[in-house]
Amino acid sequence: MSASIAVLRAEARLLSREPASVFWILAFPALLLALVGLVPSFRAEATSPGGGRTIDLYVPVTVLLGLVMAGLQSLPPTLAGYREKGILRRMSTTPVRPSALLAAQVVVHGAAALASGVVVLVVGRVLYGVALPANPAAYAGTLVLVTLTALVAGALVAALSRTAKGSTTVATILFFPVAFTAGVYVPVQSMAEELRRVVELTPFGAASQALHQASSGGWPGPSHLAIMLVWTVVLGGVSARWFRWE
Amino acid sequence: MAIIEVDRLAKSYGGRTVLDGVSFAVEEGEIFGLLGPNGAGKTTTVECVEGLRRPDGGRVRVAGRDPATDRRRVTPILGVQLQHSDLQDKLTVREALELYGAFYPHPADRRELAGRLGLDDLLDRRFGTLSGGQKQRLFIALALIGRPRVVVLDELTTGLDPNARRDTWELIDGLRDDGVTILLVTHFMEEAQRLCDRVAVLRSGVLAALDTPAGLIEHARNATVVSFTPSRPPGDDALAALPALRTVRRADDGRLVVSGTDATVEALMSLLARDGITAHNLRVESATLDDAYLDLTRGEH
């Protein structure tokens, strides 16, 4: 047990020493929210379909952006790099299994992603008076589930690329469609219905809808949760199947 | 009882045979060298000992256990330095020692180990900023941190400058006193000659020789070579009668080159003295492990 904690502590320290990761995960989403809120019309009442303010819709979007940054951008090159540099191999010669290192990376990135979500909620509340989620339990539950989806997707990118560089390339290419489905360019709730139907089938599109429902006090639609769950199980299964230790 | 037993070890990758029935045993407290050209199967052999690879055939035991299947019992007593393996660039030396120390039930004293390996002044340095020699010293420290009974070092000094190499040798020599068993993969003959009690030479996946460094040298084809310009040529019959003679050659410049063992040289000297022949520009060269190794791995036996 103490060995796993030592690994976790070391990996948390290492992540805190990566200024780029810290910026993109913890600061960038909140910064983007702050910038979006500078546009006066986004703060005007009833500018978005459904009656809310556009800035209200951007809070879940930037929360999701933090998850994408942690799970899909920062995690894959780290994992692929650990394999490429033989760190996992070295670990397999000790009494601790290399999977402990992967687990630690997933945990610290998950924690950073959730912390980023909290920062976004606080910034939205303080700067623009965005109400905190009206159904906190549903919001937190959705957040945990979609964080898991983002992490296993990142693990899959690491599993399928041979080098850290390769996984960075794949992650960068994936970023644009993933950010689109999360609603970074147009919030999912503002999309035309036909497009929204498709986007809701993606994990971040479904998550965006679920978070939106939870922030206005409701419970996420079961179909949204089911879609996230299916993606998590499938991506997790494939990455576990394909991950190479060396 | 041998602490490392390798018995008829066989391994192939995709139909290409890498190891074909390699057997040796390493006694507790021994420094055992594994030599051979690139591709001879040295690293594959130690990877089987480390439990990183499963043999296709044969048996490997470390302290009586199978390293590939009995990981839980083997890893705590095994310290490993791998050939191509780094640490996280931003991990400091102190953190690396703490982290790897936490993996073992009874880790070595970190401060004492750092002092012994000259890492005292580097504790706060990040791995990525260390020189090759400093990294290698840290890897040795990590291999020792669990107080292992067996240490496997794979090409420990490759890429080090001669000074760092010598320092590393002294460290390994120092481990002898602790009774730690060391399996050392190297392609530096000087390293093997200096450190190893016994040496196994691998050639294309089979064991070409297994002996002490001195024993291997003795069996080199030209163990000792004497060359000189005689004041007058000694008789051919007398030369041919020298004990343990290997070769006699008359060079174009009139030099006589005789190879054999120490006994050959002694007999030659008394022959010259008896016949009153003066040996000008006398040179005696002893074979090194290099010569023995080249003989073995070129397959001229």
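Computed from a predicted model, the values in this text were never measured in an experiment.

Here is what the cut-offs are and how they apply
Residues numbered from 1 in each chain as written. Chains lettered and ligands numbered in written order. Predicted model: local features only at pLDDT ≥ 70, side-chain atom pairs only at ≥ 80, totals over all residues. Heavy atoms only, no water. Contact = heavy atoms within 4.5 Å. Buried area = accessible area lost by both parts, 1.4 Å probe. Salt bridge = Lys/Arg side-chain N within 4 Å of Asp/Glu carboxyl O. Polar contact = N/O pair within 3.5 Å; in protein donor to acceptor, adjacent residues only side chain to side chain. Buried < 20%, exposed > 50% of the residue type's maximum accessible area, 1.4 Å probe, protein only. Helix = DSSP H or I, 4+ residues; strand = E, 2+ residues; numbered from the N terminus. UniProt positions renumbered as here; feature names shortened; annotations may be inferred. Pairing = 2+ DSSP bridges. Axes fitted to C-alpha atoms, helices over the stretch in contact; angles between N-to-C directions. 1 Å grid on protein atoms, 1.4 Å probe; cavity = no way out; pocket = protein on both sides within 12 Å on 5 of 7 lines; lining within 4 Å. Points joined across faces, edges and corners; volume = space filled by probe spheres on them. Nonpolar A, V, L, I, M, F, W, Y, C, P; charged D, E, K, R; others polar.

Q: Provide a residue-level description of the interface of chain B and chain A, including the pertinent values.
A: Taken together, the contact pairs 27 residues of chain B with 27 residues of chain A. Summed over both sides, the interface between chain B and chain A buries roughly 2500 Å², with carbon and sulfur atoms accounting for 51% of that surface. Linking Arg9 of chain A and Glu98 of chain B is a salt bridge whose minimum nitrogen-to-oxygen distance equals 3.9 Å. Counting across the interface, chain B meets chain A through 14 residue pairs in polar contact (both at pLDDT 80 or more).

Q: I'd love a proper account of helix H3 (residues 93–101) of chain B, names of residues and values included.
A: Structurally, the α-helix is built with 3.6 residues per turn, so residues lying three or four positions apart point the same way. In terms of residue burial, H3 of chain B counts as a mostly covered element, since seven of its nine residues are buried. Among the residues of H3 of chain B, those classed as buried are Val93, Glu95, Ala96, Leu97, Leu99, Tyr100 and Gly101 of chain B. Check the buried side of H3 of chain B and you find it contacts helix H1 (2–16) and helix H5 (87–92) of chain A together with helix H4 (110–116) and helix H5 (132–144) of chain B.

Q: Hey, could you go over the UniProt feature "transmembrane region" (unreviewed entry) in chain A for me, with residue numbers and the actual values?
A: Residue and element names in this part refer to chain A. What UniProt calls "transmembrane region" (unreviewed entry) maps, in this numbering, to residues 21–42, 57–79, 100–124, 136–158, 170–188 and 225–243. Span residues 57–79 is 100% helix and 0% strand, its end C-alpha atoms 33 Å apart. Note that residues 170–188 is 68% helix and 0% strand, and that its end C-alpha atoms are spaced 24 Å apart.

Q: Would you mind going over the sheet that holds strand S12 (residues 256–260) of chain B in detail, with residue names and values included?
A: Residues and elements named next belong to chain B. Strands sit in the order S11-S12-S10-S13 across an open sheet of four strands; the sheet is antiparallel. Both outer strands of the open sheet, strand S11 (247–250) and strand S13 (279–286), are each paired with one neighbouring strand and no more. Geometrically, the sheet is characterised by an average inter-axis angle of 15 degrees between neighbouring strands, direction not taken into account. Taken together, the five bridges between strand S10 (residues 224–230) and S12 define a ladder with antiparallel strand orientation. Bridging across to S12, Phe228 finds its partner in Leu256.

Q: Report on the layout of surface pockets, specifying residues and quantitative values.
A: A water-sized probe, rolled over the atoms, reveals where empty space remains. A volume near 420 Å³ is recorded for the largest pocket. Contributing to the lining of the largest pocket are 18 residues, with Glu18, Pro77, Thr78 and Tyr82 of chain A together with Asp89 of chain B lying nearest its centre. Elements with a minimum of two residues in the lining of the largest pocket: H1, helix H4 (54–84) and helix H6 (99–128) of chain A. Its residues assigned to classes, the lining of the largest pocket shows five nonpolar, eight polar and five charged.

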